[in-house]
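Overview (structure and organization)
Given next are the chains, with one letter for each unit.
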Number of protein chains: 2
Amino acid sequence: MLAEERFAKITEIVEQKKSVTVLELTQLLGTSESTIRRDLTALHKMNRLIKVHGGATAIEMDYATKDADFAVRKDMNVEEKKVIAKYAADLVKNNDFVYLDAGSSTDYMVDCLEERDAVYVTNAISHAQKLIRRGFKVYLLGGPIKKSTEAIIGVEALKSLEKYNFTKGFFGTNGVDIKHGFTTPDNAEALIKKQAMEQCHEAYVLADSSKIGQISSVKFAEFEDAVAITVSLHDDTMKKYNNIVEVNEK
Amino acid sequence: MLAEERFAKITEIVEQKKSVTVLELTQLLGTSESTIRRDLTALHKMNRLIKVHGGATAIEMDYATKDADFAVRKDMNVEEKKVIAKYAADLVKNNDFVYLDAGSSTDYMVDCLEERDAVYVTNAISHAQKLIRRGFKVYLLGGPIKKSTEAIIGVEALKSLEKYNFTKGFFGTNGVDIKHGFTTPDNAEALIKKQAMEQCHEAYVLADSSKIGQISSVKFAEFEDAVAITVSLHDDTMKKYNNIVEVNEK
DNA sequence: GACTGAAAATGATTGACTATGACCGAAAAT
DNA sequence: ATTTTCGGTCATAGTCAATCATTTTCAGTC
């Protein structure tokens, strides 16, 4: 049986049953545990199901978030981002006043957040929506919306940021480089990131491995201005810096 | 049984019964007390229920949300609302600067909008999202989000409204009454509606038949401050007013 | 078309890890 | 004061990822 055939069958079974164990799958597909496990790992990385201890469950989305998630689906380095996001989410503690930047990395972070007694400020429409639905306290910045990222930008947002003093801030980035700092392709968004970061007591940048060493067009912070959270680096050039956290890839 | 399966079952039971004891759950799921306790702790952390001594209770909806659920209300008088929304949408012309209030009536209006050279300002997250996805220019007000309606409220939004001068504004309402004007159950939202309407050159209120003659707790405008758009009235008491438009059903 | 070596997929094995249920002293409710 | 519930600990059973041997696949060669 072809791998893709199994993938299709497993996906179908999971969609239909909502959850399934490894043992069940071995019986239904007449193949070994090892293979099923490998398949589940692969499908999980492809975001076609959620691998859990003992088996897998379907990806269920609360219907309003469906199309928003579609864009995120064909995202790169999903697994890495989720690990980084989990680590970042655990940094939020009781009574924190948190800034959440727009972007896919911070989106995964929203899914992991547990702290309900914190207050969140964001410029991302989808984040605000997810957060409010999960019962968190949320402030949204005001201003024009950028179509491609559905993030609030503009002078008004910059102005309102000035009055906040965040205990922690979490940012996405397109490039991390020791010399060129944190960079992103859009100037309007860079301005927001820069301003927001200045208002943060602790600033964290979520950077999966594809961002390391990259340089994009607009700098929003120096490398030493924030703590970079990334997965284990194979490159040693950054190891000597103490503002970089390496999360172990689960 | 997979942990997620148990989570789902427990959540369902709690939702349905509103409260449940640990003992009941051990019997219903045929598992040990320890496991149930661990599950409840996990689910509590996930915000899927509230763990209490002896068991768990469902997450109760915001009491202020008593003005009927967004989802439920959206389904009332759908056909009427759509007709009204279509009429309202056609009022938007090239170069208009439009304020769009939160609510289900204006939501249907978003679906009907055709004018792309207008600029829209709204306090509703979902409207902003729909509009931007349809390629319109959108400004979102900033501030805290009200959970039940997912609308921006608060002083910040009021402040930023002051500087706008809308050519047209479209509002939802809970009650229309000649003597008591336009009313709505939530004070914070009433303030926003009031301020926004003051900035409008032309203000329209979308009111399906269930709203006519109703009086809710907070007034946000006098009856003569806006043009009410409704379906054909069978009651003649309002006919003499010239600020009421009756759209023919269908 | 058959042979061959490299690459990929599979299944078995294993030590490490995780979830579970029983137990028990502490905490809370009555 | 008594009973119930709680949360931590522990042994056990179940599950996992990594490794390795075997089989399958496939391109290149004769």
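Residues numbered from 1 in each chain as written. Chains lettered and ligands numbered in written order. Predicted model: local features only at pLDDT ≥ 70, side-chain atom pairs only at ≥ 80, totals over all residues. Heavy atoms only, no water.

**Here's the deal with the domain arrangement of chain A**
Counted only if it meets this: An automatic or database domain assignment is the source of the domain bounds shown.
What the domain assignment reports for chain A is domain 1 (3-57) and domain 2 (67-247). Each of domain 1 of chain A and domain 2 of chain A has a C-alpha centre, and the two are 33 Å apart.

**Overview of the interface of chain B and chain A**
For clarity, the cut-off: Here, two residues are considered to be in contact whenever any of their heavy atoms come within 4.5 Å of each other. The quantity reported as buried area is the accessible area (1.4 Å probe) lost by two parts once they are put together, taken as the sum for both. Definition used for salt bridges: Asp or Glu carboxyl oxygen within 4 Å of a side-chain nitrogen of Lys or Arg. We call two N or O atoms a polar contact when they sit within 3.5 Å, provided that within protein one can donate a hydrogen and the other can accept it, with sequence-adjacent residues counted only if both atoms are side-chain atoms.
Facing the 29 residues of chain B at the interface are 36 residues of chain A. When chain B packs against chain A, close to 2,700 Å² is buried across both sides, 52% of that on carbon and sulfur atoms. In terms of surface lost to chain A, no three residues of chain B exceed L2, I132 and R133 of chain B, which account for 22% of the buried area on that side. Taken together, the connections running from chain B to chain A amount to 5 salt bridges. The salt bridge partner of K45 of chain B is E114 of chain A, with a shortest N-O separation of 4.0 Å. Between chain B and chain A we count 16 residue pairs in polar contact (both at pLDDT 80 or more) in total.

**Topic: the packing of helix α5 (residues 78-89) of chain A against helix α6 (residues 104-112) of chain A**
All names here are of chain A. Rules: A fitted line through C-alpha atoms serves as each axis, taken over the contacting stretch for helices, and the angle formed by two N-to-C directions is quoted from 0 to 180°. Only runs of H or I of at least four residues qualify as helices and only runs of E of at least two qualify as strands under DSSP, and these elements are numbered from the N terminus. An angle below 35 degrees is read as roughly parallel, one above 145 as roughly antiparallel, one from 65 to 115 as roughly perpendicular, and any other as oblique. Each helix crossing is assigned a hand: it is left-handed if the near helix lies turned anticlockwise from the far helix by less than a right angle, otherwise right-handed if that turn is clockwise.
Viewed as axis vectors pointing N to C, α5 and α6 meet at an angle of 55 degrees, and their least axial separation amounts to 8 Å. Compared by their axis directions, α5 and α6 come out oblique. For the crossing formed where α5 meets α6, the hand is right-handed. On α6, the residues that touch V78, K81, K82, A85, K86, A88 and A89 of α5 are S104, S105, Y108, M109 and C112.

**Concerning the pattern of salt bridges**
Quick note on the threshold: Working definition: with a 1.4 Å probe on protein chains only, accessible area under 20% of the residue-type maximum means buried, over 50% means exposed, and in between means partly exposed.
Using the criterion set out here, one finds 32 salt bridges over all chains in the structure. With a shortest N-O distance of 3.2 Å, K130 of chain B and D107 of chain B are connected by a salt bridge. Taken together, the residues span a long stretch of sequence, with K130 of chain B in helix α7 (residues 125-133) and D107 of chain B in helix α6 (residues 104-112) at a distance of 23 residues. Taking the relative accessible area as the measure of exposure, K130 of chain B reaches 28% and is therefore partly exposed. Residues joined in a network through salt bridges with shared partners are K81, D208 and K211 of chain A.

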